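Coordinates in review
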Amino acid sequence: MSLTPEWSSRIVRWREELKRHLLSPLRVLSAEVCFTMDHISLDQAKKLTFTPIANGSSWGKKWEYGWFKTTAIIPPEAMGKRIGLVFDAGLESLVFVNGQPASTFSWGQKNITLSRCANGNETFEIFAESYAGHGEITCGDGPVALDRNPVPEPKEPLAQLNNISLVILEEDAYQLYIDVETLWELRQKIDPNLLRVMRIDQGLRDFTCIADLELPYEEKLLSFRKARERLKPLLECVNGSTAPTMYAFGHAHLDIAWLWPLAETERKVARTLSTQLSLIKEYPDYKFLHSQCHLYRYAKDFYPELYTQVKKAVRDGNIIAEGGMWVESDTNMPSGESLIRQFIHGKRFFKEEFDVDSILMWLPDVFGYTANLPQIMNGCGIKYFSTQKIFWTYNGGDTFPHNTFWWEGLDGSRTLVHLHNDYNSPVSPQSVLDRWNERVQKDTITCRLLPFGHGDGGGGPTRDHLEFALRQKNLEGAPLVKLSSPLDYFKYVEENESPEIVYVGELYYQGHRGTYTSQAKTKRGNRKCEIALREAEMWGVATSVLNKTSFPASLLDEHWKNVLLCQFHDILPGSSIARVYQEAEALYNKVQTEVAAITSTALSTLVSKNDTALTIANSLSWNRRALILLPGDFEGARDASNNLVDTQKNGALTFVEVTIPSCGWTTLHKAPPQTPKNTLSITCNKLENELLSIDFNDFGEITRIYDKEAKRDWTTGIANSFKLWKDVPANFDAWDLDSTYLKNPVALPHTAEFSILATGPLVATLKVSRKLNDSTMHQEISLSRGSRRIDFKTSIDWKERHKVLKVNFPTTIHSLEALHEIQMGYVQRPTHASRQYDKDRFEVCNHKWTALTETDRGCALLNDCKYGVNVDQNSINLTLLRSALAPDPTADIGTQEFTYAFYCWNTNFAASTVIQQSYELNMPCILQKGEATSQSLFTVDMPGIIIETIKPAEDTSTDIIVRLYESHKATTRCNLAPSFPVDAAWETNMLEVVKNDIPLQNGKIPLNFKPFEIKTVRLHVK
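The rules behind these values
- Each chain has its residues counted from 1, following the order in which its sequence is written.
- This being a predicted model, a pLDDT of at least 70 is required before a residue's local features are given, and a value of 80 or more before pairs of side-chain atoms are given or counted; all residues contribute to the totals for chains, interfaces and linings.
- Derived side-chain values reflect all non-hydrogen atoms in the structure, with water molecules and hydrogen atoms excluded from consideration.
- Think of it this way: any DSSP run of H or I at least four residues long counts as a helix, any run of E at least two long counts as a strand, and we number them from the N terminus.
- Radius of gyration: over C-alpha atoms. The globule rule applied is 2.2 Å multiplied by the number of residues raised to the 0.38 power.
- We call a residue buried when its accessible area falls under 20% of the maximum for its residue type, exposed when it is over 50%, and partly exposed in between, using a 1.4 Å probe and counting protein chains only.
- The contact rule is simple, with two residues in contact once any of their heavy atoms fall within 4.5 Å.
- Here the accessible surface of atoms and residues is derived via Shrake-Rupley with a 1.4 Å probe, and residues count as covered only by protein chains that are part of the display.
- Think of it this way: Lys and Arg go in the positive column, Asp and Glu in the negative one, and His and the chain ends go nowhere.
- By convention, the charge on Lys lies at NZ, on Arg at CZ, on Asp at CG and on Glu at CD.
- The pocket and cavity definitions rest on a 1 Å grid over protein atoms only: a 1.4 Å probe that fits but cannot leave marks a cavity, an open set with protein on both sides within 12 Å along at least five of seven lines marks a pocket, and residues lining either have an atom within 4 Å of a point.
- Grid points are joined across faces, edges and corners, and a volume is the space filled by probe spheres set on the points.
- Only Asp, Glu, Lys and Arg are considered charged, only Ala, Val, Leu, Ile, Met, Phe, Trp, Tyr, Cys and Pro nonpolar, and every remaining residue, Gly among them, polar.
- Whether two strands pair comes down to DSSP finding at least two bridges between them.
- Each axis is a line fitted through C-alpha atoms, and for a helix only the stretch in contact is used; angles between axes span 0 to 180 degrees, taken between their N-to-C directions.
- Any pair of Phe, Tyr and Trp rings, taking the six-membered ring for Trp, is counted once the centres come within 6.5 Å. Such a pair is stacked with planes under 30 degrees apart, edge-to-face with planes over 60 apart, and tilted for the rest.
- Residues belong to one nonpolar core when they are buried, are Ala, Val, Leu, Ile, Met, Phe, Trp, Tyr or Cys, and are joined through side-chain atoms within 4.5 Å.
- Our working definition of a disulfide is a cysteine sulfur pair at a distance within 2.5 Å.

1. Brief notes about the overall build of the chain
- The helix and strand inventory of the chain stands at 18 helices and 58 strands.
- The C-alpha radius of gyration computed for the chain amounts to 32 Å, which stays within 12% of the reference 31 Å derived for 1022 residues, consistent with globular compactness.
- Going through the 1022 residues of the chain one by one, you find that 62% of them count as buried.
- The long-range share in the chain, meaning contacts at least 24 apart out of those at least 6 apart in sequence, stands at 76%.
- Here the chain displays about 37300 Å² of accessible surface, and carbon together with sulfur accounts for 49% of that area.
- Averaging the positions of the 110 positive and the 125 negative side-chain charges in the chain gives two centres separated by 1 Å.

Listed below in structure tokens is the structure:
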């Protein structure tokens, strides 16, 4: 090593001092200000009343914005210089120069360029919108004490105008600074025995002798230029023929909501894009990836002039409009249909706005990836996928073994994947070499993706990033840095080194497991809105086909976009601040209310007015027997065949049991009640029907579930047992559920109070009320006649802090793997912790059910809005609630409602109705006053084929789309039979583009399915 400690220290000191010479002050500017809570345009701001504000003045309430204005005149003595504006007024600021958004002051951006070469006497009218902030926000990265509020109310004013001034950006000093930093970082990372290091050290020593930082101004600048000449040959040394290539592009990972609300993101978009457009003007080869359609839409709606520039930059190839989805969505909890709609809405926007056929799914910060994504990506025309989060195993675990590979999903579909290591890279030599050396595939790849820039809150690259990147285009000792699109990387890999590695199954993230549970109302809102939209589309199709009525497609399109927005990976997972969830719940309420009205309007066209009749609609693709609560003026009912239906009176409530056709409806008419023989039995400690006998203890827990038909028990211990633990993660409060929670159980000693709500003959219901630590639980436990399903309708007034609540069902099933429903299929996960990866999956995501099976029997825990679960050997544990304190200290406090159910069967899995039961628990029948004939819109003749979606075609034609999937992991042939005349049928991709004709056979549509295959069928109606 050629640097002695003396020389090394000297170089470090010169580097530090050089930073102080990067700008020279010209003059302090005077400013005026006005304040607003609203998002207003520049033209609107100009109409407000401005008052003078001095440097050092404090300003700003929580959520408030300040509009500052000033005029900058470049003095004649600055002619030929690069002139900048320094503006330090708040958390982040968007600067308008002469009426145009010019750049931002935010993460990494300390000044902006007004002129690259001043003429002298130029005048700039400057406005800046600055955010005061909303107080200190913690992510809970470290234990959050229970005796204090982790997010205290901020003291106002929040912000201060520290500096607004005109400066010379000393280009000679800046370029020398980048030269020196490039060489210094390079020599720190490569083999110290190389001749290359010796040459660099000689140059850096000479730099400290040539660059005289104490000379008068002009002589000092001359010394900088001489020092650059000395270093130039070292920067011109190039690599040999075996240097790896880093496909580098700018990126500003911008969370749509996180530690800030949606309203702040609207401004962040403009700040980010204006900065990147200014860089593009100076660096024409620069490419910037901007990925989320919702963010583009913000720019289009709020900053139309900026958006015009963005569209031009996309056409010119400088802004890469890619990403595939509407937002960077969570992929664990959204339904399969929601994931498809993310691509439908995303790809449509990219095509309509930019004429781009997006083929890359870009999700750098999402918390794990469902096993059915490859099939959904393939079906939506997505060829490539990239992320980096999977490597962030900060709590330990099994390191993911690949960077570039084919990812195979449930049905065998494959997608080309590259896992990069960071999305906030500074792209300096140290960072570039780290990114290359961090690869886990040491012997099969020659290139990698390298996104660079400031992220999370937006911003993206600055000049520093671009200057570092340009110096490493071919710099001896460093990988080749190639400014390019990520698509260039994938195309190169496909053509030159297509990987042999195939990875099968989900990409499970070994962290952030608490996100399956945090913010329970948001999870519930997501599930309920997905179902509401499904119902509206199906019954809209029914009325358009049968009655030729119009369908409010544009209104539903907007509701879908709102649901997709809330599936962003820091909203639905529960990892944002409180205001984000207030806004999300308001959106969910709006969607549910307005979509329910659309459904009701659609169903009203199917019925004729008749106050003595009630029509019941079933959107599920099988004949369904359901318990229906009749309107108050019904004492009993007759069905469509004029037969009295069985009735149960519960005080003022009247229930009937009725069968409704597949994807159809039937009508009940008023009639006298018919009370059948009661085969149900209920006391405060026992619930029984023809098939099951259930015993309870004093806590309302189940001590036995006895199968009267099979003559054996289903449980090995106390079931429906609530388990509470102290839950204080070591990192990331709302995100993480650490395995160590099991070491801190909280006793639940309170016994329950019991009351009988219903005694039969259709359903028996036991009410259990009980204290759970500081919270109160009310539960209605119901068993219907002839049923193997026990329902637990639950309400909890949740008052816990840093606790996690689960409900436990220990079963008599022995299985090495549990089945967990995911989007349009299921995965098998171990029930043991034999190896590290098995142990790491101590909490996983499910959708509507998790099951344990043997060859000829099984049982499952169903739910209507829960996603977190774990299965420990024979025990299913559904995670019900958490109470993280950061970043939202009020998370989940208050009334929480949900239903789960225990279901058991004595057949093989495929012969069971567990999937149907889970749908029925989630999707109740819909009632509409009035009379209609009993009719089925569609039928399917194989029980394993599920109709997931019936909807109008996206192209606004009169065609109908039916989406189905195979649910039993079996090769299957079936017939889809519509009840109305169809002219033609086609199989399409998930974007509804025709792939091939399907010949009709006697009005039916024959379909062949592979295991877990999703099919989309397009029908033209006569």
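2. Some points on empty space enclosed by the protein
- Counted according to the given criterion, the structure contains six cavities of 30 Å³ or more.
- Estimates place the volume of the largest cavity at around 270 Å³.
- Taken together, 25 residues make up the lining of the largest cavity; nearest its centre are Ser335, Glu530, Lys848, Met923 and Glu948.
- Breaking the lining of the largest cavity down by element, the ones donating at least two residues are α9 (336-354), α14 (520-547), β41 (817-822) and β52 (945-952).
- Counting residues per element, the lining of the largest cavity draws most heavily on α14, at six residues.
- Class assignment for the residues of the lining of the largest cavity results in 11 nonpolar, five polar and nine charged.
- The computed volume of the second largest cavity comes to approximately 50 Å³.
- As for the second largest cavity, its lining consists of Asn332, Thr370, Ala371, Glu506, Ile822, Gln823, Val827, Arg829, Cys845 and His847.
- Partitioning the lining of the second largest cavity into residue classes produces four nonpolar, four polar and two charged.

3. Regarding the sheet that holds strand β7 (residues 93-97)
- The strand order across the open sheet formed by six strands is β3-β2-β5-β10-β7-β8, and the pairing between neighbours is antiparallel. Each end of this open sheet is capped by a strand with a single partner; those strands are β3 (51-53) and β8 (100-105). Put simply, the sheet's adjacent strands are angled 30° from each other on average, direction ignored.
- The pairing of strand β5 (residues 65-73) with strand β10 (residues 123-131) spans nine bridges and is antiparallel. Residue pairing across strands places Trp67 opposite Glu129, the latter belonging to β10.
- Lying on the sheet, helix α6 (residues 262-282) is in contact with β5, β7, β8 and β10; it crosses β8 at an angle near 100°.

4. What about the packing of aromatic side chains?
- Following the criterion strictly, the structure yields 48 aromatic pairs and no others.
- For the pair Tyr307 and Phe354, a centre-to-centre distance of 6.1 Å together with 55° between the ring planes defines the contact as tilted. Here Tyr307, found in helix α8 (residues 304-315), pairs with Phe354, found in helix α9; they are 47 residues apart in sequence, far enough to count as distant. Of the two residues, Tyr307 and Phe354, both sit in the buried class.

5. Describing the nonpolar core
- If you look at the biggest cluster of nonpolar residues, it comprises 216 residues, and the most contacted ones within it are Ile319, Trp407, Tyr900 and Phe902.
- Looking at this core, the element that brings in the most residues is helix α3 (residues 171-189), giving nine residues.
- Grouped together as the second largest cluster of nonpolar side chains are 34 residues, Leu937, Val940, Leu976 and Leu1007 included.

6. Brief notes about the state of the cysteines
- This model, assessed by the stated rule, comprises zero disulfides.
- Cysteine Cys529 remains unbridged, with the sulfur of Cys566 as its closest cysteine sulfur at 7.9 Å.

7. A few points about the sheet that holds strand β32 (residues 702-707)
- Strand order in the open sheet made by the five strands is β29-β30-β31-β32-β33, with antiparallel pairing throughout. Sheet topology places β29 (681-683) and β33 (712-713) at the edges, where each strand pairs with a single neighbour.
- Where β32 and β33 come together, two bridges link them in antiparallel fashion. What sits directly across from Asp707, in β33, is Arg712.

8. Considering unusual backbone geometry
- Across the junction of Glu156 and Pro157, the peptide omega takes the value 0°, indicating a cis bond.
- Mapped onto the elements of the fold, Pro157 is located in the loop between β10 and β11 (159-160).
- In the segment running from Gly760 into Pro761, the intervening peptide bond is cis, with an omega of 10°.
- Here Pro761 shows up in the loop between β36 (753-759) and β37 (763-772).
- Unusually for a residue other than glycine, Asn1002 sits at a positive phi of about 55°.
- By the element assignment, Asn1002 lies in the loop between β56 (994-997) and β57 (1005-1009).

Spatial relationships are all this shows, so hold off on functional conclusions.
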